[in-house]
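# Commentary on secondary and tertiary structure
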Amino acid sequence: MTPSKIFLPLEIGLLAVLALLWGSSYLFIKVALTDIPPITLIAIRVGVASLFLLAIMFWRDERFPRDGKVIGMLLIQSVFNSLGAWTVLAWGQQHVESGLASVLNSTSPVFVFLITALLTRHERMDRLRLAGACLGVAGVVLIVGPGVMTGLGQHVGGQLAVLTGAILYAGAAIYGRRFNALPATVTAAATMIWASIFLIPASLMLDRPWTLTPSTAAILATLALSVFCTAIALLIYFRLLRTLGSMGVASQSYLRAGIGVVLGSLLLGETISPLVLAGILCTLVGVAIINLPRAFWQSSKSLSPKS
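Residues numbered from 1 in each chain as written. Predicted model: local features only at pLDDT ≥ 70, side-chain atom pairs only at ≥ 80, totals over all residues. Heavy atoms only, no water.

## Observations concerning the environment of Val 17
Position of Val 17 among the secondary structure elements: in helix H1 (residues 8–32). Residue classification places Val 17 among the partly exposed residues on the basis of a relative accessible area of 35%. Sequence-wise, Val 17 and Gln 252 are 235 residues apart; in three dimensions their C-alpha atoms are separated by 9.1 Å. (Helix = DSSP H or I, 4+ residues; strand = E, 2+ residues; numbered from the N terminus. Buried < 20%, exposed > 50% of the residue type's maximum accessible area, 1.4 Å probe, protein only.)

Here it is as structure tokens:
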């Protein structure tokens, strides 16, 4: 899909949906972990997602690539997207407060900018986009609460693990552009199948899942996590890689915190403080700066009154 054929409001809407799906995954994980161990939960997540995506592939009469090199590249993408990122994040979040983890994990657009500007140079990177990336991180800090930054420098190993997860997510957004010629369904299914190949045996050996007796709530949360927050989210993700690019799709990490606050206000009656409102505004402006075309900002500048 060429930039001239992109309907930007649709893509930004899908970006918000992706942020909603991945942002809500933390709630489903929390519910599921009450009865299901972490490795088994992730194994079920990728296994059910694989089956769901395979069913869509069968319905659309799509096929996996037969090129061994492409299959190996899909394994690398799986490490970036799920195997590596989820493992280090799960370990790191045991030693880091959730608020600080949210801030550290939201830095992936900054890493996309640095890797792209210094190494790959596959997209346009300029000071405006860097400003948008930094503004987004600042917005997340305001939403979560500036007080969480007092823990920075404590439990360095855990914090580095969370940052490593953000770097892996940045790598996924950059490396995933290699699969633009494949249908999003195929790419998503292949990465989940690769993850299943490693995680399901690990679950069987370590957790003996046949001995578990999960509650109905845990089962439903796991299914929602697998189908909506993983399978459907990955379909949107790989589509947005083609339309918004690496930096654009990574910017959804800024929207997650704001969406959580808005949902809490709408569903639970929680109040939004002026500081949080300022943070949401910062994230929205940051995402806009990253995703709106340069022509938009140039035209806005030309319309501004001259001093």
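## Structural notes on the side chain of Thr 222
Locating Thr 222 in the fold gives a position in helix H9 (residues 216–243). Classification of Thr 222 by relative accessible area gives buried; the value is 4%.

## Some thoughts on H9
Because an α-helix completes one turn every 3.6 residues, residues spaced three or four positions apart along the sequence face the same direction. Here H9 contains 28 residues, and its C-alpha end-to-end distance of 39 Å stays within 8% of the 40 Å for a straight helix at 1.5 Å per residue. Considering bend angle alone, the principal kink of H9 is centred on Ala 233 and spans about 35°. Two residues or fewer after H9 comes Gly 245, characterised by a positive phi angle close to 85°. (Expected span 1.5 Å × (residues − 1). Bend = angle between axes of the 7 residues up to and from the residue.)

## Looking at the packing of aromatic side chains
Under the defined criterion, the tally for this structure stands at five aromatic pairs. Measuring from centroid to centroid gives 5.4 Å for Trp 22 and Tyr 237, while their planes differ by 50°, and the two rings are tilted. Of the two residues, Trp 22 is situated in helix H1 and Tyr 237 in helix H9; the sequence distance between them amounts to 215 residues. Each member of the pair, Trp 22 as well as Tyr 237, is classed as buried. Look at Tyr 175 and Phe 179: their rings are 6.0 Å apart centre to centre, the planes differ by 65°, and that puts the pair in the edge-to-face class. Among the residues examined, Tyr 175 registers a relative accessible area of 12% and is labelled buried. A residue is classified by how much of its surface remains accessible, and Phe 179, at 4% relative accessible area, is buried. Ring pairs connect the aromatic residues Trp 22, Tyr 237 and Phe 238, which therefore count as one cluster. (Phe/Tyr/Trp six-rings, centres within 6.5 Å; stacked < 30°, edge-to-face > 60°.)

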